[in-house]
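Listed below, chain by chain, are the residues.
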Amino acid sequence: MSEDQKTPVEKLVTGIEGFDLIAQGGIPKGRTTLVSGTAGSAKTVFAAQFLAEGIRKDGAPGIFVTFEETPEDIRKNMLSMGWSIAEWEEQSLWRFVDTSPHPEIDVIETGEFDLGALLVRIEYAASQIGAQRIAIDSLGAIFSRFANTSIVRSELHRLASALKVMGVTVVITTERTQEYGEIARFGVEEFVADNVIILRNVLEDEKRRRTIEVLKFRGAGHQKGEYPFTVLPDQGVVVIPLSAIELKQRSSQARVTSGNVELDRMCGGGFFRDSLILASGATGCGKTLMTAEFISGGADNGERCLLLAYEESREQLIRNAIGWGIDFEKHERQGLLRVVCAYPESAGLEDHLIRMKREIDQFKPDRVAVDSVTALERVGSRNGFREFIISLASFVKHHEIPGLFTATTATLMGGPSITEAHFSSITDTIILLRYVEMLGEMRRGITVLKMRGSKHEKDIREYSIDEHGMHIGKPFRNVVGILSGKPEYLSREEADRMGNMFQD
Amino acid sequence: MNEYQKYLLKLYITGHTARSERAIKNLRNICAEDLGGKYEMRVIDILERPQLAEDEKILATPTLIKALPPPLRRIIGDLSDTEKVLVGLDLLPIDEK
C-alpha cells in the first residue's frame, strides 16, 4: 500500500462494499474504531465482515473477540453471509477469543481484579496467527459480567492503550439505547473516542431503514451524514454511498434512438447516449409502450437492453409488446434483451437497488429501462425513496448508458409525482405524457419538457396508440393548461391574440 | 467421588503483581484454615502459559477455579472477602452471604 504523504492518518481499506467510499478509503489504520448501534443494527455482522473481507481480499488474518455470542453461534450465523469461518480457522486466518458467558458456571466476585487475562489472550492469539485485524464484539456486554464496573472501565482504558501499541486495526462494537442520543451505553466511547461509526435501524413510516454514519475519524477525512445500507445474504453489509459516488461521467454528444422516429425528432435527433430520461404520465397513457419502443429500438440496432419491470409480470409485458408489434422474446433469443420482473413489495428499497445494480453490472447493457420507478415508491419511506432515486440515477450515469425511467403521476390528468420531484434535477431529459380532455373526448399529448444540452421541440403533440406502437401527430393548438391537468380550449381569436403578443 | 472430598483449586494470575500475591496469600490462608490438608492448589501464571487461559476462557485475573469437587465454581478477585470465597467453595451455605 502506498503512503500518501498528504494524509496524516493512513487508512485501511475494509473491503465492506460501499463503506470505504463513505469512509474515504477505509478506517484509520493501526487504530481502534468504535462501531455503535442499537440492538439489531447489524453490529456483529459488521465486525465479522471486517475480518472476513480482510481475509478474502488480502489474506489478512484476524482475531474475533466475542463477549456475547458463542463462537459456535457466530460460525453458524455468518455462514449465511457466505463466510466459512471454520475453514479460515483451520487455515489460521481467523481465531476466536471466546469470552462469552458460561451461564452454567457460577461466578463469584470478591475483591479487586483486572482484565489482564483478556489482554494476554488477545495478544497471544494475535501473535500466533500474525493478526492484522481485530474485531471485539461487543464492549457493552462486558459490563454486565462484573459487579464492579469502575474496575471494568479502567481496565478497558488499559486494553485500548495496549491495542494501540500492538499496531493492529481494531473494530470494537458497542450498544446504544437510542437511535439518536448518546454515542454508547456506559460511556465506553471515551476509550476509543478517536474514531466512531454509528449504525442505525430506524423505524420510519412503518418501515425499517438502516443507515451508517461516520461520526468522526481523528485526523482523517470521511463523508458526513447518514448513508443507507442493507444486509444481504452471501454478502453482508452493503453501504449505498449515494452522493459519495463521484460523478465523473463524460458528457457524450453521441445520440441513440428512443425507438420512435417522431420522438427522436422532437428530441433533436434522439436521446444522448449517456443521459437519463424521465417519462412521466398517468396510468395507461403509454409509458410502458415508450419503454418497449426504447428497448426494441436498442435491440434492433444490436444493443444490449435491460428492462427492469415493477408493474407487470413477464407474461403481461411480452403480451402487451406483441400488441404493439414488438417481439421481446425474439430479442431475448438473440441475447440482446434481459427482462427482470419483480414485485415491489418483495424486498426493501435498498435490496431492490442492489439487485438493479447487480443486474447492470452483470448484463452490461447498452441501455436500461425501469418501469416504473414510482411502483417502488411505496416500498420505502420518503427519505429512503429519495436516496434510492439519487443512487440509482448516479449509478446508471456512471455506466454512461441511457436510462429510461418511467413515473406514474398520482392523478389521471397529470400533476407532479414524488418521483418527479426527486428525479427532475438529475435527469437530463423529461418527457411528459398527458391525457387531454378536449370537447368531451380523451386524447393524449406528449411533450419534451427538458432536454439538457440540446434543442428540442416545445410543442405538446397529440399521439395515438395502435398495433404498430405510438404515433406522434400534430401539436395541440388552441389548448392551454394541458400540463397542469386542466386543459382549456381557447377560441381561435384568443389564440391568435396571444400568439401575436409574443411575436417579435 | 466417594472417597474423602479433595479440593482441586486452580488460581490464574497475570504476572506476580501485588494483587496476584495478595490472592495467593488469601487462598493459602483459607486452605490452611478451612480445608485442612484435603486440597491441591495450583497457581497458573497466564503470562507464561497463555494457552491455559485460552483453554479455560479466563477473562479476569485473579480467577480461582474450583475444579473439584463439583459443582464447578469460579471466584474472581483477590479473594479478600473470605466469607464469599467460602460460599464459593461450598463451605458456607449460600443464604449466609
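Residues numbered from 1 in each chain as written. Chains lettered and ligands numbered in written order. Predicted model: local features only at pLDDT ≥ 70, side-chain atom pairs only at ≥ 80, totals over all residues. Heavy atoms only, no water.

Colleague: In this structure, what is going on with the interface of chain B and chain A? I would like to understand it.
Modeller: Interface extent is often summarised as the accessible area lost during association of the parts. At the junction of the two partners, chain B supplies 29 residues and chain A supplies 27 residues. Interface area for chain B against chain A, summed over the two sides, is near 2400 Å², with a carbon-plus-sulfur share of 59%. If you sort the residues of chain B by the area they bury against chain A, B:Lys57, B:Leu59 and B:Ile76 come out on top, with a joint share of 29%. For the pair chain B and chain A, the number of links is 5 salt bridges. With a closest N to O distance of 3.6 Å, A:Asp98 and B:Lys57 form a salt bridge. The tally of links from chain B across to chain A stands at 16 residue pairs in polar contact (both at pLDDT 80 or more). Split by residue class, the side of chain B that touches chain A holds 14 nonpolar, 6 polar and 9 charged. In this sheet, strand E4 (residues 73-76) of chain B lies alongside strand E6 (residues 106-109) of chain A in parallel orientation, the contact comprising 4 bridges. Across the sheet, residue A:Val107 finds its bridge partner in E4(B), namely B:Arg74. (Contact = heavy atoms within 4.5 Å. Buried area = accessible area lost by both parts, 1.4 Å probe. Salt bridge = Lys/Arg side-chain N within 4 Å of Asp/Glu carboxyl O. Polar contact = N/O pair within 3.5 Å; in protein donor to acceptor, adjacent residues only side chain to side chain. Nonpolar A, V, L, I, M, F, W, Y, C, P; charged D, E, K, R; others polar. Pairing = 2+ DSSP bridges. Helix = DSSP H or I, 4+ residues; strand = E, 2+ residues; numbered from the N terminus.)

Colleague: Sorry if this is basic, but what is going on with the sheet that holds strand E15 (residues 276-281) of chain A here?
Modeller: Strands belonging to one sheet form pairs held by backbone hydrogen bonds; the direction of such a pair is parallel or antiparallel. All names here are of chain A. Judged by pairing direction, the sheet is mixed, and its 9 strands sit side by side in the order E17-E16-E18-E19-E15-E20-E21-E22-E23 without closing on themselves. Looking at the sheet topology across the chains shown, the edges are occupied by strand E17 (337-341) and strand E23 (469-475). Across the sheet, the mean angle separating the axes of adjacent strands is 25° when strand polarity is ignored. Pairing of strand E16 (residues 305-309) with E17, which is carried by 5 bridges, proceeds in the parallel orientation. Counted as the bridge partner of Leu-308 is Val-340 from E17. Strand contacts of helix H9 (residues 287-300): E15, E16, E17, strand E18 (367-371), strand E19 (403-408), strand E20 (429-438), strand E22 (461-466) and E23, with the helix running at about 165° to E18, the strand carrying the most contacts. (Axes fitted to C-alpha atoms, helices over the stretch in contact; angles between N-to-C directions.)

Colleague: How should I be thinking about the side chain of A:Asp114 in this particular structure?
Modeller: Here A:Asp114 is to be found in the loop between E6 and helix H5 (116-129). Residue A:Asp114 is classed as buried on the basis of its relative accessible area of 8%. There is a polar contact of 2.8 Å between the side chain of A:Asp114 and the side chain of B:Arg19. A distance of 2.5 Å separates the side chain of A:Asp114 from the side chain of B:Thr61, its partner in a polar contact. With residues near it in sequence (within four places) discarded, A:Asp114 still touches A:Glu155, A:Arg158, B:Thr14, B:Arg19, B:Leu59, B:Ala60 and B:Thr61. (Buried < 20%, exposed > 50% of the residue type's maximum accessible area, 1.4 Å probe, protein only.)

Such coordinate-based values are descriptive only and should not be taken to indicate function.
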